[in-house]
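# Overview (structure and organization)
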2 protein chains.
Amino acid sequence: MKTTQSAPKKDVRVTIKTVAEHAGVSVPTVSKVLRNAYGVSAKARSRVLASIDQLQYRPSASARGMRGQTYTIGIVMPDVRNPFFPTILEGVEAVLAETPYVTLTGIVGKPGKVVSIVNAMLDRQMDGIIMIGQRLPPEEMKLVASALPTVIVAHHEPDALTFDTVNNDDLRGGQLAADHLLQQGYKNPVMVTITRQDIVRMDVDQLRVEGYRRALAAAGISVPRVVASADMLDDVTATIRHLLEGEDPPDALFGWADYYALEILSAVRALGYRVPEDVGIIGYDNSDPCSYTQNDLTSIDQSGQEIGRRAAQLLLERIGGRTEAVHVVTEPKVVGRGSTGRIPPLDEAAASNGAEFGSPQAI
Amino acid sequence: MKTTQSAPKKDVRVTIKTVAEHAGVSVPTVSKVLRNAYGVSAKARSRVLASIDQLQYRPSASARGMRGQTYTIGIVMPDVRNPFFPTILEGVEAVLAETPYVTLTGIVGKPGKVVSIVNAMLDRQMDGIIMIGQRLPPEEMKLVASALPTVIVAHHEPDALTFDTVNNDDLRGGQLAADHLLQQGYKNPVMVTITRQDIVRMDVDQLRVEGYRRALAAAGISVPRVVASADMLDDVTATIRHLLEGEDPPDALFGWADYYALEILSAVRALGYRVPEDVGIIGYDNSDPCSYTQNDLTSIDQSGQEIGRRAAQLLLERIGGRTEAVHVVTEPKVVGRGSTGRIPPLDEAAASNGAEFGSPQAI
DNA sequence: CGATATCTGGATAACGTTATCCAAAATCGA
DNA sequence: TCGATTTTGGATAACGTTATCCAGATATCG
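Residues numbered from 1 in each chain as written. Chains lettered and ligands numbered in written order. Predicted model: local features only at pLDDT ≥ 70, side-chain atom pairs only at ≥ 80, totals over all residues. Heavy atoms only, no water.

## Points about the overall build of chain A
- Looking only at helices and strands, chain A has 13 helices and 13 strands in total.
- Counting all 363 residues of chain A, 52% fall into the buried class.
- Counted over contacts in chain A with a minimum sequence separation of 6, partners at least 24 positions apart contribute 68%.
- If you sum the accessible surface of chain A, you get close to 16500 Å²; carbon and sulfur atoms cover 53% of it. (Helix = DSSP H or I, 4+ residues; strand = E, 2+ residues; numbered from the N terminus. Buried < 20%, exposed > 50% of the residue type's maximum accessible area, 1.4 Å probe, protein only. Contact = heavy atoms within 4.5 Å. Areas by Shrake-Rupley, 256 points an atom, 1.4 Å probe, with all protein chains shown as cover.)

Structure below.
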């Protein structure tokens, strides 16, 4: 046994070296065990594992990062206020739970911070990135995706070669929303979407607008109306007031996302209009608050869980070596609730669970 | 000028060495500039900074982690659904924006994952941790706090020596809620709090309960009622149904937190009761959704922004070397809205902004 | 049974940064 | 002007891990 003089170990930090000495093997051998690498006998492996367990050893991600992987996946989230995002995260975690990977989330408060967050993730040698509803300018994006495996959620770019995307079929979702409103008897809907400084043509909101427009045009409404507003309650309220008290007031409103539709709902009620009798409202995402009685919001479901799972799977595949791009699109569906019900089904059992509608019409 | 033979640089990666060569100085000198360390002339410094800028150099956090700091602060968040947390994060970011520190958030989905997230942060050599509404078992906590600077938000432990805490005065907040309900004419309130497997005596929910109990007892209500329920809509609804359809139904409900009170609101309305006429509802946190017309929820404000700022400041101080513990407590206040208004002030200007009430009574 | 292939374990050299020194240069004080 | 002090810049040695070898041991095959 190779017992060194046992110098006065000044620090108690357990490193791979401590483990190696304890197990009576070399440092590289322990490393191989840690990485499930080839070249260790079952006997040696179990001895090492025992030592690791006994010494409570945990490898340093910093040191690992200098040569190999950090087993860290970065998630970039635009904000924490959108109630749809948690569901995506759940899906991601469900897949990653079985793996040695850990996720750390960068929360983009102010727009423009995306770059610095992504850079921070690069600096920290993360093994991959999942970006939710965010995209960098094309040049930066290319740089990032070439630097590490990247999956983007909620941004359509089916021709992208260097990264994967996972999306709901937002064009179709927009159509479903429009068709549902018409089907419920509304004649004069307006879609309310978000104003953004960094409009990217293929972002989800744009596609929902496009789907909405096509469906209404197909139904004979020549000039489908769409307005934009910042996503703060005050701005939304001002916009809605302008619409409802202006000329040709709409009888239905389509909010581009749930958290947004909830603000619309607030504004409509604040102005004294009844939902759904005076104004019908439909959102997008079918997030948790939709089913609260006070909201009772019809919405387009896009299964965040599945989107999250697919994103995580794709990222693992990329980390595993895949280089061809994969672009996943999931199917949306309408979940009807009181906000488009004309007669509010407050006392029906269906109220809290929502009722599914079939797809009214293909493109 | 010390120009090496310029070997076929096989990789384009810009390291501290590249910068040093480019600026014509040694590697340690560049390092000093990066850390604002003593021992570099203004001239050398500016030359190095120019090179950094020109080469677009970014230091590797992994390499840094092996010797010095990683300039990374870990935030541990219980979940992303509570609308109060984003406000805390805003406060934290506001302080950290001026510094070289980056925050990465670990989102604890399932309870019990806290340990693995904190471990992941330790493994990644983070410089400090802010834990929100979470705490490890005392032994683990001691270990973590001795390993790196730690600040805990939303957990009271004024005697803790190894970490700082930032809290609202939840005892007082509980009293304010109770007093407000009485003041509005409600006679028979019930507090609805959350069931937890890991009840810690000094956690915020417990203190709110205690404050609520004391205030009611002081007002002559001998046995203040408190019930607990899991924080899922279905469970809350069942609990509320049980209360309102049972013996001695309450005329007011105090939800331990806003996101919870919103579920209570949903349940109460689903059962056909009017708010605030039949049942008054008050929450805690004064988060964004409170001001939505459909919620119009009275709540106890605890200024998440300030809590976040203080937490970040304390952590920076600890990273800077402070070792004595500091425990900050902020003052709560009532923000009255329609849900406890008896007459819902839907058309008043006060509806969306809420009206502040003075502190009804000291302890 | 000898030659060859496979398996196992370790020696060695990075990875990119910072901490700790130390020597030379510049500044200061009398 | 000369020694004493301060400032500056760099040489050197880590930090904890993994990748790339290579040699010895073991298994396989004709």
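## Focus on the protein's contact with DNA strand D
- What surrounds DNA strand D is a group of 28 residues, the closest being Ile16(A), Ser31(A), Arg35(A), Tyr57(A) and Tyr38(B).
- Close to the protein, within 4 Å, the atoms of DNA strand D are drawn from sugar and phosphate at a rate of 63%.
- A distance of 2.3 Å is found between a phosphate oxygen of DNA strand D and a side-chain nitrogen or oxygen belonging to Arg35(A).
- At the level of elements, helix H2 (27-34) and helix H4 (61-67) of chain A together with helix H2 (27-35) and helix H4 (61-67) of chain B are the ones that each hand at least two residues to the surface near DNA strand D. (Near = heavy atom within 4 Å. Polar contact = N/O pair within 3.5 Å; in protein donor to acceptor, adjacent residues only side chain to side chain.)

## Description of the pairing of strand E2 (residues 102-107) of chain B
Residue and element names in this part refer to chain B.
- Most of E2 sits inside the fold, with five of its six residues counted as buried.
- Bridge count between strand E1 (residues 72-77) and E2: six bridges; the pairing is parallel. Residue pairing across strands places Val76 opposite Gly106, the latter belonging to E2.
- Considered for its hand, the β-α-β crossover made up of E1, helix H5 (residues 85-96) and E2 is right-handed. (Pairing = 2+ DSSP bridges. Right-handed = clockwise from strand over helix to strand, strands pointing away.)

## Description of the protein's contact with DNA strand C
- Around DNA strand C there are 29 residues in total, and Tyr38(A), Ile16(B), Ser31(B), Arg35(B) and Tyr57(B) lie nearest to it.
- Within 4 Å of the protein, atoms of DNA strand C come from sugar and phosphate in 64% of cases.
- One of the side-chain N or O atoms of Thr29(A) is found 2.9 Å from a phosphate oxygen in DNA strand C.
- For DNA strand C, a base nitrogen lies 3.4 Å from a polar atom in the backbone of Ala63(B).
- For the surface near DNA strand C, the elements supplying multiple residues, two or more each, are H2 and H4 of chain A together with H2 and H4 of chain B.
- With five residues, H2(B) is the single largest residue contributor to the surface near DNA strand C.

## Some words on the environment of Val76(A)
Residues and elements named next belong to chain A.
- By the element assignment, Val76 lies in strand E1 (residues 72-77).
- The class of Val76 is buried, set by a relative accessible area of 0%.
- Sequence separation of Val76 and Gly133 is 57 residues, and the distance between their C-alpha atoms is 8.6 Å.
- With sequence-adjacent residues up to four places away left out, Val76 is seen in contact with Gly106, Val108, Val114, Ile117, Val118, Met121, Ile129, Ile130, Met131 and Ile132.

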